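Each chain is listed here by its residues.
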Amino acid sequence: MRPSLLLITLLPFSATCQESNPTDSSSELKTANTLCFPASVPSSPDSLLPNIISASPHYLQSLALADTWEEQTEVVRSFASCISRVCSAHEESFSAPSCSQIQSHLITSPPTSPPLPPLLLSSLYNDLGTSIPSPLPTYRSTFLKAAHLTSPSEPAIIKNLGFLLEQTGRIKEAEEMYNSHLSKYELDAGINFLEKTLCPPHQNSSIQAKDIYLKIVSGLLILLSQPPPRNLQLDPTREIGQMPLGFPYLGIPLRPLLTLFSRAYIKHFPILTQGSIVPYDKLNSDGTIELGIIAEYSGNTSPGKLLQSTIIGLHKTGKFDVTIFLPQIFKTDFVEAIVEEGIKIVHLDIHNLESSKLIIKNQHKDILLYMAIGMSPLTYYLSFTKLSRIQVQFGHGHPITSGNPTIDYFVTSEFFREEGGGRVRMEGGMEDEELGEVAKEMGEFMGVAGEEVFEYGGDAYVEQVVYFQTLTASIPPPSLPNLPLPPPLSPHLHYYALLQYSKKIHPMLDDAILGIVRGDDEGRVLMLEGSRVHVSRWRESGWSEDEISRILFVGRMPHTDFLNLISHCSCALGTFPWGEGVTTFEAFAVNIPTVILPGKVTVENLSLGQVRVLGVESELKANDIPDYVSKVIRLGKDKEFRRSVKAKILDNIHKLWEVDEIVEEWMTFFTSI
């Protein structure tokens, strides 16, 4: 999965204002905007600071005088637009010193007379902390902590701050904050759920990953033993906000965990399963099938890239009336391609589950295809309700079971199965004392034998698995760069691309990475800058500074530069236990082989399918970590071997872009069901 920017879904929070004169509020807002956005723009970023500081008392005064929620919202948006001029990553005028000074100015002594009520001030801090994407690492936490300090009992702020702490690995801090609230105030269903499912994005060791897994299992079992909330209409899109996303990367089979998640959500948020449609059999008079596709983050993730060509192909057959449901309105390549083809787009209400259900039901779709379940809160929550006759999950990009009985089919491919098909049992799962005990308990809960709990692959899904004879998906062939070797790369070294999200660099991969840098003195492993977080783990594991220096970190870059960087590598490195797909497509597109170890991948293996289709399984598929290291180093050191593998890829690369066969198979499948 090639890294791409994912915007977080955060909880909105606004306080109700006191009675006041809206005219005074409008006048103050007009004054503030005039001061912040003068006719003549200052020449340098730092010279914007006086304008923003002089405007801030008027924004705050306007907020204090606002009479309605709509007026409040207008003030906050204007104020955020003003502050973003030096705090936003998207503004050329970004200035770290000025941004820090503005935060200090607003938090230390908010310049209003009379002062803003605490709830209104904390609402402002919350909104400023969640609406501006600042490159300052402390920007978001500074505002959210100030909001929490100002209104310590407000659940929405606690959840936003807790999610931030969780995603930055400060689990203990988040846990203490959640527990403090639960001990002092009336039980909040969202905080109760979040506290018991905390999961950091990175682990220091496989042992720690196991401990986190066990702790989440324990938390979910506690949730399942608790009575449901008194209010059965609680909406998880508002009560929880962004759902936890770290647990799929722990490297332990997911079906049992996602089954527990599903049942815990249903118990604590009964609204999830309400409103299912009554199945009907009537099709359109012209024989077309009503196909709805629910896309997370406007398709700006791997599933969107993988399915784009297929969706367009199905639309062009004329046999489907296709509608794309988008929870969030982002300008993405996926959306632009869909709009260009004239495919209908319907927007959902990201903070209202019932409203979104109604929007989908009113479209009367025969089939709903979920592009990925579990990446976006709203799309996950929608999957609990039967919103069409048939519901299908395309899991690749986020290739895990939904854990949800309302999803009928999980589409995968014969190419992704290991020899012999069926399930694979996690090595050492039942032999581990703690995992073995929890497997017995979870097995009883799930109605399966304990030995089956830690199985993955094959049929280890809640849904009925459908095996295609094609790869099920393909990205549009990327345009090939023809650029020189980018600095600081040297023509005398061998580069191995491991350009994945930092949370995919699991401790299980460490032995392979270390084996490569030790086995090839002229080898360098390329990683994204975010993976620098793992350096402390490697030091603690005994890596030398020389070995660590052979890991080169690169920042985010335009897509063309990304492809160019890969094209100058000896090979790409497949990740495990979480695999990859889009990155492998792109590596093969620029004729760079990817070495994979499917036996250690606990999710559907898109890369294995590509390797097989290209006819390079014997050269690129490893049997264990030593074999993986050996194959990687051979591609780096042995020019003739590398040339022969690349020749095979070049001869067969067209097979990866044959989307017509994929469209035909999807069409046959949809028609048959």
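Given the structure is predicted, the values throughout are model-derived calculations rather than measurements. (Residues numbered from 1 in each chain as written. Predicted model: local features only at pLDDT ≥ 70, side-chain atom pairs only at ≥ 80, totals over all residues. Heavy atoms only, no water.)

Focus on helix α26 (residues 625-637)
Logical step 1: Here α26 spans 18 Å end to end across 13 residues, near enough to the 18 Å set by a 1.5 Å rise per residue.
Logical step 2: Burial in α26 covers these residues: Ile625, Asp627, Tyr628, Val629, Lys631, Val632, Ile633, Leu635 and Gly636.
Logical step 3: Where α26 is buried, its residues meet β10 (494-498), α19 (510-519), β13 (571-573), β14 (594-595), α25 (617-620) and α27 (639-652).
Logical step 4: The residue sitting at the N-terminus of α26 and contributing the capping side-chain oxygen is Asp624; that oxygen lies 2.8 Å from the backbone nitrogen of Asp627. (Helix = DSSP H or I, 4+ residues; strand = E, 2+ residues; numbered from the N terminus. Expected span 1.5 Å × (residues − 1). Buried < 20%, exposed > 50% of the residue type's maximum accessible area, 1.4 Å probe, protein only. Contact = heavy atoms within 4.5 Å. Polar contact = N/O pair within 3.5 Å; in protein donor to acceptor, adjacent residues only side chain to side chain.)

Details of a negative patch on the surface
Logical step 1: Together, Glu658, Asp660, Glu661 and Glu664 make up a negatively charged patch on the protein surface.
Logical step 2: Positionally, Asp660 belongs in helix α28 (residues 659-672).
Logical step 3: Under the relative-accessibility criterion, Asp660 is labelled exposed at 64%. (Patch = residues over 30% accessible without salt bridge, like charges linked within 9 Å, V, L, I, M, F, W, Y side chains within 5 Å. Areas by Shrake-Rupley, 256 points an atom, 1.4 Å probe, with all protein chains shown as cover. Salt bridge = Lys/Arg side-chain N within 4 Å of Asp/Glu carboxyl O. Lys, Arg positive; Asp, Glu negative; His and termini not counted. Charge placed at Lys NZ, Arg CZ, Asp CG, Glu CD.)

As for the environment of Leu526
Logical step 1: Looking at the element boundaries, Leu526 is found in strand β11 (residues 523-528).
Logical step 2: Since its relative accessible area comes to 0%, Leu526 is described here as buried.
Logical step 3: Once the C-alpha coordinates of Leu526 and Leu565 are considered, the two residues, 39 residues apart in sequence, prove to be 9.4 Å apart.
Logical step 4: What Leu526 contacts, discounting residues up to four positions off in sequence, is Tyr495, Tyr496, Ala497, Leu498, Leu499, Leu552, Leu565 and Cys569.

Describing the environment of Tyr501
Logical step 1: For Tyr501, the location among the structural elements is in the loop between β10 and α19.
Logical step 2: Remark: the alpha-carbon pair of Tyr501 and Glu529, spanning 28 residues in sequence, is separated by 9.3 Å.

Side note on the sheet that holds strand β6 (residues 409-413)
Logical step 1: Across the sheet, 7 strands lie side by side as β3-β2-β1-β4-β5-β6-β9; this open sheet has parallel pairing. In this open sheet, the two strands that pair with only one neighbour each are β3 (344-347) and β9 (464-468). For this sheet the average axis-to-axis angle between neighbouring strands, irrespective of direction, equals 25°.
Logical step 2: Looking at chain direction, strand β5 (residues 390-394) and β6 are connected through 3 bridges and run parallel. From the neighbouring strand, Gln393 faces β6, where its bridge partner is Phe410.
Logical step 3: In this fold α28 packs onto β1 (289-294), β2 (320-326), β4 (367-370), β5, β6 and β9, with an angle of close to 145° to the strand it touches most, β9. (Pairing = 2+ DSSP bridges. Axes fitted to C-alpha atoms, helices over the stretch in contact; angles between N-to-C directions.)

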